[in-house]
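Tertiary structure, described
If you want the building blocks of each chain, they are given just below.
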Amino acid sequence: MSKLIINGPKKLEGEIDLYGAKNAVLPIMAATVLNGGKNVIKNCPSLADVHSTFKILEDLGCTVDYKNRIAIIDSYGINDFCIKENLMREMRSSIIFLGAIIARCRKAVISYPGGCELGPRPIDLHLKAFKQLGVEIEESHGYISCKVDKIKPQNLHLFFPSVGATENIMLLSTISDGETIITNAAKEPEIVDLQNYLNSMGAKITGAGSEIISIKGVKELHDTEHSVMPDRIVASTYICATACCGGEIVLKNANSLHMQSILVLLREAGINAEQSGKNLNISCKKRLTSASAIKTMPYPGFPTDAQAITMSVFSKSIGTTVFVENMFENRFKHVEELIRMGADITVDGRVAVIKGVKNQLGASVNASDLRGGAALVIAGLGALGITEISNIHHIDRGYENIESEFSKLGADIYRISE
Ligand code: UD1
């Protein structure tokens with residue numbers, strides 16, 4: 001079992017080159033199933049979730065070659081339509097493969113994704129849309145079996161703009177005979193990246209990034225090459241760390257437009273953030289003030305994935321900040337650990353009230369999920385003394401060597417194996 005050891009506090013200074021976004025590359029990797037050919041994915045981060053996805057692709061019969069953040073995936077030899085239960089459990093977002101496998105093989109079998117660290121992870125919106133598109137679905141003994149003769153393109157309305165459901169519909173209807181239109185689609189930038197990827201292999205999709213997406217079915221797809229968009233949540237993690245510790249950093253290859261809801265809030269609280277070409281310059285010279293209520297929402301609202309990391313910042317600000325978590329019911333597990341470090345936080349259901357304290361002290365804490373773990377890293381970087389974080393496999397799901405990246409910024413952080 002590995003742990004992260006942090007000796008804080010240190011001001012952060014230096015440059016970080018952002019790598020490709022986890023939430024963009026995972027659906028893109030599912031999309032490689034569709035073309036039955038060669039896919040070159042550049043800026044593909046070396047994350048635990050990406051390596052779990054390679055295993056799924058290899059299990060389905062694809063060949064995968066990965067080095068220097070370039071993945072070459074050939075899906076010509078796909079010979080299976082099932083994702084094994086152990087692989088489904090390793091990465092619950094593998095539900096995103098369902099649409100792609102059905103589209104390629106006309107059938108698919110996966111185990112039910114069940115709950116995860118963030119609470120129940122329903123897939124009713126995915127399955128309802130699939131049924132409308134003509135897929136026959138049978139659910140029994142924890143497995144979902146799907147088959148279809150011919151996709152029936154049509155207009156679909158999502159009752160909630162689910163990211164995964166929007167992506168799954170795009171994947172399922174890319175190769176079809178007619179037009180599928182999604183209304184109330186999720187608008188996340190990662191969906192635009194998936195649209196760009198699919199179009200680069202010959203799909204005809206427009207509207208991603210807005211609430212109406214049109215997928216005009218095509219007969220076949222071809223080989224492709226694509227560079228994955230930078231990770232806005234990883235970028236936000238460095239921004240929050242600088243807000244918590246003070247300092248001055250440059251995020252290279254960052255797009256501030258993808259992070260407006262976070263930047264507007266942190267600017268009001270006292271940081272400086274300026275886009276200059278492809279660089280985003282962040283500086284923080286004083287203790288921040290509290291923010292107005294922060295409510296997580298679908299994009300372009302405040303992202304649930306940035307809730308925990310922002311809470312670490314406001315745990316140390318002047319005044320009181322209220323967080324409302326609207327997206328996932330079990331996403332305050334980091335609170336208990338922040339309290340161990342001296343934070344003053346009370347939780348009632350989906351609401352957390354944070355009274356900022358001037359100093360926090362290092363402690364032994366436990367990462368219970370990916371972004372909650374990143375929040376503990378940020379709190380540890382800003383706290384006085386030694387913080388020891390265990391269960392860091394959660395953090396490795398979405399951050400490439402988080403300790404070496406923060407070391408580059410002058411933090412005293414390292415990994416030990418026990
Ligand atoms: C994606 C992101 C995740 C992020 C989330 C919300 C990936 C790989 N993961 O997850 O990091 O936190 O978006 O921005 O991109 N829901 C249903 N029924 C469904 C589907 C979803 O009720 O069929 C609910 C979920 O329980 C949740 C909300 O809708 O409350 C949002 O889920 P969704 O947008 O689907 O998130 P994911 O695609 O799973």
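Cut-offs and rules
- Residues numbered from 1 in each chain as written.
- Predicted model: local features only at pLDDT ≥ 70, side-chain atom pairs only at ≥ 80, totals over all residues.
- Heavy atoms only, no water.
- Pairing = 2+ DSSP bridges.
- Helix = DSSP H or I, 4+ residues; strand = E, 2+ residues; numbered from the N terminus.
- Axes fitted to C-alpha atoms, helices over the stretch in contact; angles between N-to-C directions.
- Contact = heavy atoms within 4.5 Å.
- Near = heavy atom within 4 Å.
- Polar contact = N/O pair within 3.5 Å; in protein donor to acceptor, adjacent residues only side chain to side chain.
- Domains from an automatic or database assignment.
- Buried area = accessible area lost by both parts, 1.4 Å probe.
- Salt bridge = Lys/Arg side-chain N within 4 Å of Asp/Glu carboxyl O.
- Buried < 20%, exposed > 50% of the residue type's maximum accessible area, 1.4 Å probe, protein only.

Once that is clear, we can look at the sheet that holds strand S1 (residues 2–8). Pairing is mixed across the open sheet formed by four strands, whose spatial order is S24-S25-S1-S26. Here the strands that pair on one side only, and so sit at the sheet edges, are strand S24 (364–366) and strand S26 (413–417). Neighbour-to-neighbour, the strand axes of this sheet turn through a mean angle of 25 degrees, independent of strand direction. Where S1 lies against strand S25 (residues 385–390), five bridges are found, and the strand directions are antiparallel. Looking at the pairing, Asn-7 lines up with Ile-386 of S25. Contacts from helix H12 (residues 370–382) reach S1, S24, S25 and S26 within the one sheet, and its direction differs from that of S1 by about 30 degrees.

A few words on the site of the ligand. Taken together, 17 residues lie near the ligand, and Asp-124, Leu-125, Ser-162, Asp-305 and Met-327 sit nearest. A distance of 2.7 Å separates a nitrogen atom of the ligand from a polar atom in the side chain of Asp-124. Elements with a contribution of two residues or more to the shell around the ligand: helix H5 (124–132) and helix H6 (163–173). Of all the elements, H5 adds the most residues to the shell around the ligand, at three residues. Counting contributing residues per domain, the shell around the ligand is built from domain 1 (2–18 + 230–417) and domain 2 (22–227), each supplying no fewer than three.

The next subject is the sheet that holds strand S23 (residues 351–355). Strand order in the open sheet made by the four strands is S20-S21-S23-S22, with mixed pairing throughout. Unpaired on one side and paired on the other, strand S20 (294–295) and strand S22 (344–348) mark the two borders of the sheet. Here S20 pairs with strand S21 (residues 320–324) via two bridges, running parallel. Each bridged residue has a counterpart across the sheet, and for Lys-295 the counterpart in S21 is Val-324. In this fold helix H10 (residues 307–314) packs onto S20, S21, S22 and S23, with an angle of close to 170 degrees to the strand it touches most, S21.

Moving on to the side chain of Lys-22. Within the element layout of this structure, Lys-22 appears in helix H1 (residues 22–35). Excluding residues within four positions of it along the chain, Lys-22 makes contact with Leu-47, Asp-49, Asp-231, Leu-370, Arg-371, Arg-397 and Gly-398.

When the parts come together, some accessible area is lost, and that loss is often what is quoted as the size of the interface. Here the protein is described as being made up of domain 1 (2–18 + 230–417) and domain 2 (22–227). Distance from the C-alpha centre of domain 1 to the C-alpha centre of domain 2: 30 Å. Across the contact, 25 residues belong to domain 1 and 20 residues belong to domain 2. Between domain 1 and domain 2, the buried area comes to about 1,900 Å², and carbon and sulfur atoms account for 51% of it. For the domain 1 face of the interface with domain 2, the top three residues by lost area are Tyr-299, Arg-397 and Glu-400, together amounting to 34%. Put simply, domain 1 and domain 2 have three salt bridges between them.

Another point: the pairing of S23. Burial along S23 is one-sided: the face carrying Ala-352 and Ile-354 is buried and the face carrying Val-351, Val-353 and Lys-355 is not. Inspection of the sheet shows S22 paired to S23 by five bridges, in the antiparallel sense. Looking across to S23, one finds that Asp-344 is bridged to Lys-355. Hairpin connection from S22 to S23: two residues lie between these consecutive antiparallel strands, with Gly-349 at a positive phi of about 60 degrees.

On to the pattern of salt bridges. A full pass over the atoms with the stated rule returns 17 salt bridges. For Glu-388, the salt bridge is made with Lys-3, and the minimal N-O distance between the two is 2.8 Å. Of this pair, Glu-388 sits in strand S25 while Lys-3 sits in strand S1, and the two are 385 residues apart along the sequence. What makes Glu-388 partly exposed here is its relative accessible area of 26%. Across the pair Asp-49 and Arg-397 runs a salt bridge, and its minimum N-O distance is 3.0 Å. Taken together, the residues Asp-49 in helix H2 (residues 48–60) and Arg-397 in the loop between helix H13 (393–396) and helix H14 (402–408) connect sequence positions 348 residues apart.

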